[in-house]
Amino acid sequence: MDKRDNHFLLETRELERRYTLPRESLFRTPGQVHALRGVSLQVTAGRSLGIVGESGSGKSTLARLVMALERPTAGQVLLQGRDLHALSPDELRAARRDFQMVFQDPYGSLDPRRRIWRTVAEPAAALEGADRAEQRERAAAMLTAVGLHADALDQYPHEFSGGQRQRIAIARALITRPKLIVADEAVSALDVSVQAQVLNLMADLRDAHGVTFLFISHDLAVVAHLCQDVAVMQGGRVVEHGPVRQVLREPRHPYTRQLLDAVPVSALLAAV
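Residues numbered from 1 in each chain as written. Predicted model: local features only at pLDDT ≥ 70, side-chain atom pairs only at ≥ 80, totals over all residues. Heavy atoms only, no water.

Notes on the overall build of the protein chain
Each helix and strand counted, the protein chain has 10 helices and 10 strands in total. At 19 Å, the protein chain has a C-alpha radius of gyration in line with the 19 Å of a compact globule built from 272 residues. Principal axes of the C-alpha set define a box for the protein chain whose edges measure 55 × 50 × 45 Å. Counting across all 272 residues of the protein chain, residues that qualify as buried make up 50%. (Helix = DSSP H or I, 4+ residues; strand = E, 2+ residues; numbered from the N terminus. Rg over C-alpha atoms; globule rule 2.2 N^0.38 Å. Buried < 20%, exposed > 50% of the residue type's maximum accessible area, 1.4 Å probe, protein only.)

As structure tokens, then:
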């Protein structure tokens, strides 16, 4: 193993992802879309990274590759020095304890037919074989950690507000005590006031439990609120990468300046 791997919790090396388009004719070679083009990033444990860019910039594709939900066309995703896409199915299953995901739609990511305790406990049951009593106990602890009462255990998703449902999704992501949480547009579906509550919750969990976030958003102000570092993506490439304060105050790339022009200066200054 390369010694430098141990320095980062997460590292991507020259990630490429190409998708083949539907064939338009039997006599034509199908076209391809390059969703990612040589993306190399490093995330130090305890130091969260925000990924920003417009729709189609490659942010969500990057999230799927980091979560090993898709395979890269080329390149590597290293978690604690191990290439996730080189692991056997059993090794990958065991490794998933250390990285979890929070999706954009808090309602769509929760099974409406399942009681909350089963939803929250699902990763622990699937990855660690916890019995029913332990599942309920751990689910109750996680709900408390995200500011919900243990009475919620036997309720269903439709009984909660959008912000509460996202808290439930975060509780589910936390139950295996992961080192990394990938949050893909995790607050974009929420009202502004609820966004602030969920972001503050994530920041508290980061500080209290040492969770590292890979936080994907189109909103620089949101990223600045939670993350110490930021990477700006455009057209499948990282065009700027550095500490949040530095990138926001001294942007080098024209696209970064374009994103900054779309955000009220007061919001950014308040975030950093």
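Quick look at the layout of surface pockets
In this model, the largest pocket occupies a volume close to 300 Å³. Along the wall of the largest pocket there are 12 residues; nearest its centre are M67, Q100, M101, F103 and P123. Broken down by secondary-structure element, the contributors of at least two residues to the lining of the largest pocket are strand 6 (99-102), helix 3 (116-128) and helix 5 (162-174). Of the residues belonging to the lining of the largest pocket, the class tally is eight nonpolar, one polar and three charged. (1 Å grid on protein atoms, 1.4 Å probe; cavity = no way out; pocket = protein on both sides within 12 Å on 5 of 7 lines; lining within 4 Å. Points joined across faces, edges and corners; volume = space filled by probe spheres on them. Nonpolar A, V, L, I, M, F, W, Y, C, P; charged D, E, K, R; others polar.)

Quick word on the pattern of salt bridges
Applying the stated criterion across every chain, the model contains 10 salt bridges. Note that R13 is salt-bridged to E11, the shortest N-O span being 3.3 Å. You can call R13 buried: its relative accessible area is 17%. Taking relative accessible area as the criterion, E11 reaches 6% and is therefore assigned buried. Residues participating in the shared-partner salt-bridge network are R17, R64 and E70. (Salt bridge = Lys/Arg side-chain N within 4 Å of Asp/Glu carboxyl O.)

Here's the deal with the sheet that holds strand 4 (residues 74-79)
Spatially, the four strands line up as an open sheet ordered 2-1-4-5, and their pairing is antiparallel. The open sheet has two edge strands with one neighbour each: strand 2 (32-43) and strand 5 (82-83). As paired elements, strand 1 (residues 10-20) and strand 4 share five bridges and run antiparallel to each other. Residue E11 lies in a different strand from strand 4, and its bridge partner there is L78. Where helix 1 (residues 59-66) meets the sheet, its contacts fall on strand 1, strand 2 and strand 4, and the angle it forms with strand 1 comes to roughly 115°. (Pairing = 2+ DSSP bridges. Contact = heavy atoms within 4.5 Å. Axes fitted to C-alpha atoms, helices over the stretch in contact; angles between N-to-C directions.)

A closer look at the confidence of the model for the protein chain
Looking at the protein chain, the pLDDT average stands at 88 and 93% of residues meet or exceed 70. Here residues 1-5 is modelled with pLDDT under 50, and outside its nearest four sequence neighbours on either side it reaches eight contacts, counting other chains as well. (pLDDT = per-residue confidence, 0-100.)

Comments concerning helix 5
Here helix 5 contains 13 residues, and its C-alpha end-to-end distance of 18 Å stays within 8% of the 18 Å for a straight helix at 1.5 Å per residue. Of all 13 residues in helix 5, 11 are buried, a share of seventy percent or more. Here helix 5 has its buried residues at G163, R165, Q166, R167, I168, A169, I170, A171, R172, A173 and L174. (Expected span 1.5 Å × (residues − 1).)

Observations regarding the packing of helix 5 against helix 6 (residues 192-209)
Closest axis-to-axis distance for the helix 5/helix 6 pair is 10 Å, and the angle between their directions is 20°. When the axes of helix 5 and helix 6 are compared, the pair comes out roughly parallel. Handedness of the crossing formed by helix 5 with helix 6: right-handed. Residues G163, Q166, R167, I170 and L174 of helix 5 pack against V194, Q197, V198, L201, M202 and L205 of helix 6. Tallied by class, residues from the contact of helix 5 with helix 6 come to seven nonpolar, three polar and one charged. (Parallel < 35°, antiparallel > 145°, perpendicular 65-115°, else oblique. Left-handed = near helix turned anticlockwise from the far one by under 90°.)

Overview of empty space enclosed by the protein
A full pass over the atoms with the stated rule returns one cavity of 30 Å³ or more. If you add up the space inside the largest cavity, you get close to 40 Å³. L10, T12, L41, Q42, V43, L49, L62, V66 and L214 are the residues that line the largest cavity. Elements with a minimum of two residues in the lining of the largest cavity: strand 1, strand 2 and helix 1. Per-element tally for the lining of the largest cavity: the top contributor is strand 2, with three residues. Class assignment of the residues belonging to the lining of the largest cavity gives a composition of seven nonpolar, two polar and no charged.

Notes on the nonpolar core
V120, L143, I170, M202 and F215 are the most contacted members of the largest nonpolar core, which totals 55 residues. At seven residues, helix 6 tops the list of elements feeding residues into this core. Setting aside residues no more than four positions away along its own chain, M202 makes contact with I170, A183, A186, F213, F215 and L226. Counting 29 residues, the second largest nonpolar core, distinct from the first, contains V66, A68, L79 and F99. (Core = buried A, V, L, I, M, F, W, Y, C linked by side-chain atoms within 4.5 Å.)

Some points on the sheet that holds strand 9 (residues 229-234)
Overall, mixed pairing links the six strands, which are arranged 6-7-8-3-9-10 in an open sheet. Looking along the sheet, the strands with just one partner apiece sit at the ends: strand 6 and strand 10 (237-243). Across the sheet, the mean angle separating the axes of adjacent strands is 15° when strand polarity is ignored. Relative to strand 10, strand 9 is paired through six bridges, and the arrangement is antiparallel. Considered in strand 10, the bridge of V230 is made with G242. Strand contacts of helix 1: strand 3 (49-52), strand 6, strand 7 (180-184), strand 8 (212-217) and strand 9, with the helix running at about 150° to strand 7, the strand carrying the most contacts. Strand contacts of helix 5: strand 6 and strand 7, with the helix running at about 170° to strand 6, the strand carrying the most contacts.

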